[in-house]
Every structure is written in structure tokens, then in C-alpha cells.
Amino acid sequence: MMKTLLKGAAAIALATGLAASPQARADDIRIAVVVHGQANDAFWSTVKNGVIMAGQDQKVQVDYRAPETFDMVKMAQLIDAAVNQHPAGLVVSVPDASALGPSIKKAIAAGVPVITMNSGSDVSKSLGALLHVGQDEEVAGRIAGEKLKSLGGKDAICVNHEVGNVSLDLRCKGFAEGFGGTVKVVPTGNDPAEIKAKTKAALSSDTSIDTIMALGAALGGEATLAALKETGKVGKIRLASFDLSPNFLKAVAAGEAEFAIDQQQFLQGYLPVVFLALNARYGLVPGGNVPSGPNLVTKDTAAKVIELAAKNIR
């Protein structure tokens, strides 16, 4: 898949009419990456791994930055600081367009090409970005809802560990649309202990719940699974999660969870850096967005993915 994408990028010469600048022809091309992911979320370790590997493969400098918590004010400041250093390109996630939009537009006005990734597919074009690399979160949620409905689910909770992140809100929205039954959102923080406690509380207060949709495997997925184990409801309540982690994949392989949704976040880190490096050197850029997911990892395929997830590639 990656080879095909890169060949496609090379075939679309000067797709935006951008000419390579003197800086772009130099050997010290630098790409700035600013994301909203928090340090305790293993998902973003895989994104960062993709960023670093792309920098090595393309022989460009990469500067990866993220706020310590889900803080849009701090993230906007990080974007502004990155742009002040005049990078050859900027990769940015957009969980809140109203908070980050001004800084992103300021970067583009300063002549810095921008590619959005992970979150922001719905606003990327309007902000002026070249393209977006990621998955449509609402569509992914709808697919997950339809699958769990087909398994017999009628009463569900959607556990949101990062309230205020538009992408996670869209996951729950799409899930509710696809599921069709009763869906309640359970808001939590990103502390696994809090996620587990609030999930147990939700199950205790409503015994009709037969389905749980978690929004991140390493945090929500593993914590909700722990809640099911402690309440003796593994196998009695259907569980699925967005994203991958080795432990959650083991649960899928063991039949303790139904599936995980793989958005291939390694590609979300890797491809934008490659595209911006090609753009800086040759004025090349793909002609449209690149969907990195969704893909459902089920019991039949989970075992093959576990090892790569442990290496922060899947």
C-alpha cells in the first residue's frame, strides 16, 4: 500500500503548481509535526515512530511536538512556535478547528505548506491544507455500529476518554447511527483507572447494556475490558474498540472482545512527512486525501497484528 501511495505521489508532478524554493533544494529540509496526542497514549507512540522513520528514509529533519495534556491553547502555541522557525512543511492534527484554525491559516499565509493528519478530515480543505491523511471518523464509527448491531447488540455505551476532541465525538456519533439501538455516551478522562471505574458504574446502573464501544484500545479498550473482567461479564457484553494495542488484540484473539478498528496511525505519521519532503524538493504532492482506515481486526486476524503493534508499527 505504501509503495503504491509513494509512486502515486511521484506521478502527480506539480499538482498544486508549487515550485521548489531555494530552501527546498537544500539538504537541511526540516518538517514540523504538531499533534494533540498525550504522552500516556500508546497510539501516539506509533504515530511518532512513523514520523521518525519517514525523516530517516527521506533524510530530512523532523521536529515532533505535542502538549502534555489535551490543551488546545498550548497546541496552538506550539504551531505558532514551529511556524516561526520557517519549516519546509507542517504536519498537524486538528481535533478542534475553531481553536487551531487561526494558527494553521497563519502558517499557510506565511508560505508553510500544511498537511493535516489523524483528526480534521472534515475541515482540512477549508483551512487551506494540501490534503489529509487519516480516516473518516464518523464513517468508521458507523461501520463499527453496524457490525455490533449485526452481532445482536441493542443497548450500548460509547466510552469517550477525551471529551472535547471532535474526532472522538464523531466516532460516538457514527457509532450511534450505525448501531441503531440505544446508545449512551460515558465521558471520562484519560486515566485508565477512571475509565474502568466509570464503566463499572455505568454497567451497574443499567443492566440492559449489552455492548461497549471504546474509542482507544490502549486506554479505553483495555480499561473497559478490565471492568468486564472484574464484574464477571466478559463474553456476556460485546466489546469493541477503535485503534490497536497488543493487550487488546490478545483479547480479540481470545474472543474476549469482538474487534478493533485499525486506522493505521503509523501511516498517519509517515506519509505526511514523505509528501512534504517530496513537495519541498520537487513540488510534488498527491492530488487528494489519503484514507488510512478503517480496517476491522477480528479474531481471525488479530494474532498476526499483535507483534507489529508491540513494535509501534500497527
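Residues numbered from 1 in each chain as written. Predicted model: local features only at pLDDT ≥ 70, side-chain atom pairs only at ≥ 80, totals over all residues. Heavy atoms only, no water.

Student: Please provide a residue-by-residue account of the overall build of the protein chain, values included.
Tutor: Of regular secondary structure, the protein chain possesses 12 helices and 12 strands. What you see for the protein chain is a C-alpha radius of gyration of 20 Å, in line with the 20 Å of a compact globule of 314 residues. The C-alpha extent of the protein chain, read off along each of the three principal axes, is 65 × 35 × 30 Å. Here the protein chain holds 314 residues, and 52% of them are scored as buried. In the structure as shown, the protein chain presents an accessible area of about 12,900 Å², 53% of it carried by carbon and sulfur atoms. Averaging the coordinates of the 31 positive side-chain charges in the protein chain and doing the same for the 30 negative ones gives two points 4 Å apart. (Helix = DSSP H or I, 4+ residues; strand = E, 2+ residues; numbered from the N terminus. Rg over C-alpha atoms; globule rule 2.2 N^0.38 Å. Buried < 20%, exposed > 50% of the residue type's maximum accessible area, 1.4 Å probe, protein only. Areas by Shrake-Rupley, 256 points an atom, 1.4 Å probe, with all protein chains shown as cover. Lys, Arg positive; Asp, Glu negative; His and termini not counted. Charge placed at Lys NZ, Arg CZ, Asp CG, Glu CD.)

Student: Which residues make up the environment of S103, and what values do they have?
Tutor: Along the polypeptide, S103 turns up in helix 4 (residues 97-109). By relative accessible area, S103 is classed as buried at 6%. In this structure, the C-alpha to C-alpha distance between S103 and I79, residues 24 residues apart in sequence, is 6.5 Å. Once residues lying within four places of it in the same chain are set aside, the contact partners of S103 are A76, I79 and D80. (Contact = heavy atoms within 4.5 Å.)

Student: Provide a residue-level description of helix 9 (residues 217-230), including the pertinent values.
Tutor: Counted at 1.5 Å a residue, the expected span for helix 9 with its 14 residues is 20 Å, and the 18 Å between its end C-alpha atoms agrees. If you check which residues of helix 9 are buried, you get A217, L219, G220, G221, A223, T224, L225, A227 and L228. Looking at the buried positions of helix 9, the neighbouring elements they touch are strand 6 (155-160), helix 8 (192-205), strand 8 (211-214), strand 9 (238-242) and helix 10 (246-253). (Expected span 1.5 Å × (residues − 1).)

By themselves, these observations are geometric and do not establish any function.
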